[in-house]
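# Observations on chain architecture
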Amino acid sequence: MPRALISVSDKTGIIPFAKGLAALDYEIISTGGTLKQLQEAGIPAVAVSEVTKFDEIMDGRVKTLHPAIHGGLLARRDDESHMQQLKERDITPIDLVAVNLYPFKNTIEKTGVTEADAIENIDIGGPTMLRSAAKNFAGVTVLVDPDDYDTTLSALQQGELSYEAKRRLAGKVFRHTANYDAMIAAYFAELNEEQDTETMTLTYEKVQSLRYGENPHQKAAFYKDAIVKGASIANAKQLHGKELSYNNIQDANAALEIVMEFQEPAAVAVKHMNPCGVGIGETISSAFHKAFEADPTSIFGGIVALNREVDRDTALQLKEIFLEIVIAPGFTEEAMALLTEKKNIRLLELAADKIQQPKKVVSVSGGLLVQDYDIGTVTEADLTVATDRKPTEEELKNLLFAWKVVKHVKSNAIVVAKDDQTIGVGAGQMNRVGAAKIALEQAGENAAGAVLASDAFFPMPDTVEAAVKAGVTAIIQPGGSKRDEDSVAVCNAHNIAMVYTDMRHFKH
Ligand SMILES: NC(=O)c1ncn([C@@H]2O[C@H](COP(=O)(O)O)[C@@H](O)[C@H]2O)c1NC=O
């Protein structure tokens, strides 16, 4: 008679599964709460304590941690000596294990959870059984996911599970216990306020497989952080349109990170992870109008993020252009009706109001770089005026606006702005004056009276000279170059105001 051990916190689907096993003549052994449910459903099952001849102790801290259980799980069926030892000690082999673990993740996600409660929800016996069974998968079928009950039962009804099928289930178990332990380790690191630990086990859960990666010949999938909540494309609700692509997700993330900079109504249009137009306004409709006007060419096929509910006026404007995605905290019924007329537009609902991402992780070949997110901001009080002339109030407003945007443009980055709107963006250039030339050329005649932001200092005065020529009247940059004085001299000679932020915003 084959033997199954069932011990589950999440009891989903366990009754029909156990019924199926009983019908296949399995002897079922089980722990406290699970046993009770099985017996109440009329399924014959015996207590693990009857098998171990040892009662559950310490509120369940020790119940299945016993040689009668682990011997039954770990004995190699093809090893005569192992099987002989089982016989000598009157241990019955266990052929199937269905275990899922104490809800550690749900527990730590509860508001006001205590450390004691979190610790009590660290499962010890469950992972131990899962690991024993998974190590000995050749002889033991191991199930950690209720989604696998049906297929496993059908396979057992047909006969035995194949070696490959059992190995797949074992692989799933090791992923599951690794994920479980990674969450516990992260919880402890947070409690202990530890950073840069000697090892770092990140854990992510699949959101979706993607049709392809950055290019069609690359395979790809999207994973989300198993623990961190908050504003993330992974938590967005898709209201309309086809599945997001790899590039969509990257661009949508870039747009979201920029729009989160603003408290006032703001709209951001992104292409290839750089903003092509950003606008702020009294209303979301006027903010979007500015973002669109900033660069009506580049926005085509772009991604737009807004930080207010999309209303009719905004939807009418959005509808006029081909956009891949619109992200907003909401859409009015009228806006939805207008936008869903477009089959190909993707609409994502996501509030851009909280950041909880503790670390920014990027991969390099064979490794990862980990750093804090760039949440650095400056206010008027942080600025140092470097020139004879101070910026006017209007210039100051535009300087701080441009500074928020330039932080999100790939380095070397220059943003030219005027009237709450970007009018030129120079991104990802290998020299700073090159980025400035692109931004100023895009701004054209409109650069007269505009402001310019630079993500890093000016190694020489050429960027300032280009700005002067285009008619820019105020500049914001970190300062700190050996040749700052040369740039200041050019500004003073042309009555330009320049402020230092003392904070750099490289973005690679
Ligand atoms: N300590 C043990 O020996 C032990 N054995 C199994 N468990 C867990 O107890 C839970 C099931 O408990 P119950 O059947 O009493 O509802 C399962 O999540 C299982 O992983 C244990 N609990 C935690 O460590």
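Keep in mind it's a predicted model, so treat the numbers as computed, not measured.

A tally of helices and strands in the protein yields 18 helices and 21 strands. At 30 Å, the protein has a C-alpha radius of gyration far larger than the 23 Å of a compact globule built from 508 residues. Oriented by its inertia axes, the alpha-carbon framework of the protein measures out at about 95 × 50 × 45 Å. The buried share of the protein, taken over its 508 residues, is 40%.

With respect to topology, 5 strands assemble into an open sheet ordered β3-β2-β1-β4-β5, the strand pairing being parallel. Every interior strand has two partners, whereas the edge strands, β3 (46-47) and β5 (141-143), have only one. Across 5 bridges, strand β1 (residues 3-8) lies against strand β4 (residues 96-100) in parallel orientation. Bridge pairing in β4 places V8 opposite N100.

The next thing to look at is the site of the ligand. With respect to spatial proximity, 21 residues lie near the ligand, and among them G32, G33, T34, G125 and G126 are the closest. Elements represented by at least two residues in the shell around the ligand include exactly β1, α2 (32-40), β4 and α8 (125-135). Sort the elements by how many residues they give to the shell around the ligand and α2 lands first, with 3 residues. Of the residues that constitute the shell around the ligand, the class distribution is 7 nonpolar, 11 polar and 3 charged.

With 93 residues, the main nonpolar core has A255, V268, V415 and V416 as its most contacted residues. Apart from residues no more than four positions distant in its own chain, V415 is found in contact with A402, V405, V406, V409, T422, V425, A439 and A453. Of all hydrophobic cores here, the second largest spans 39 residues; its members include I6, I94, V99 and L169.

This paragraph deals with the UniProt feature "domain: MGS-like" (unreviewed entry) in the protein. Taking the UniProt record as the reference, the feature "domain: MGS-like" (unreviewed entry) is found at residues 1-144. With 44% helix and 14% strand, residues 1-144 has end C-alpha atoms that lie 23 Å from one another.

Calculation criteria
Residues numbered from 1 in each chain as written. Predicted model: local features only at pLDDT ≥ 70, side-chain atom pairs only at ≥ 80, totals over all residues. Helix = DSSP H or I, 4+ residues; strand = E, 2+ residues; numbered from the N terminus. Rg over C-alpha atoms; globule rule 2.2 N^0.38 Å. Buried ≥ 20, exposed ≤ 12 C-beta atoms within 10 Å, placed from the backbone. Pairing = 2+ DSSP bridges. Near = placed C-beta within 6 Å. Nonpolar A, V, L, I, M, F, W, Y, C, P; charged D, E, K, R; others polar. Core = buried A, V, L, I, M, F, W, Y, C linked by C-beta atoms within 7 Å. Contact = placed C-beta atoms within 7 Å. UniProt positions renumbered as here; feature names shortened; annotations may be inferred.

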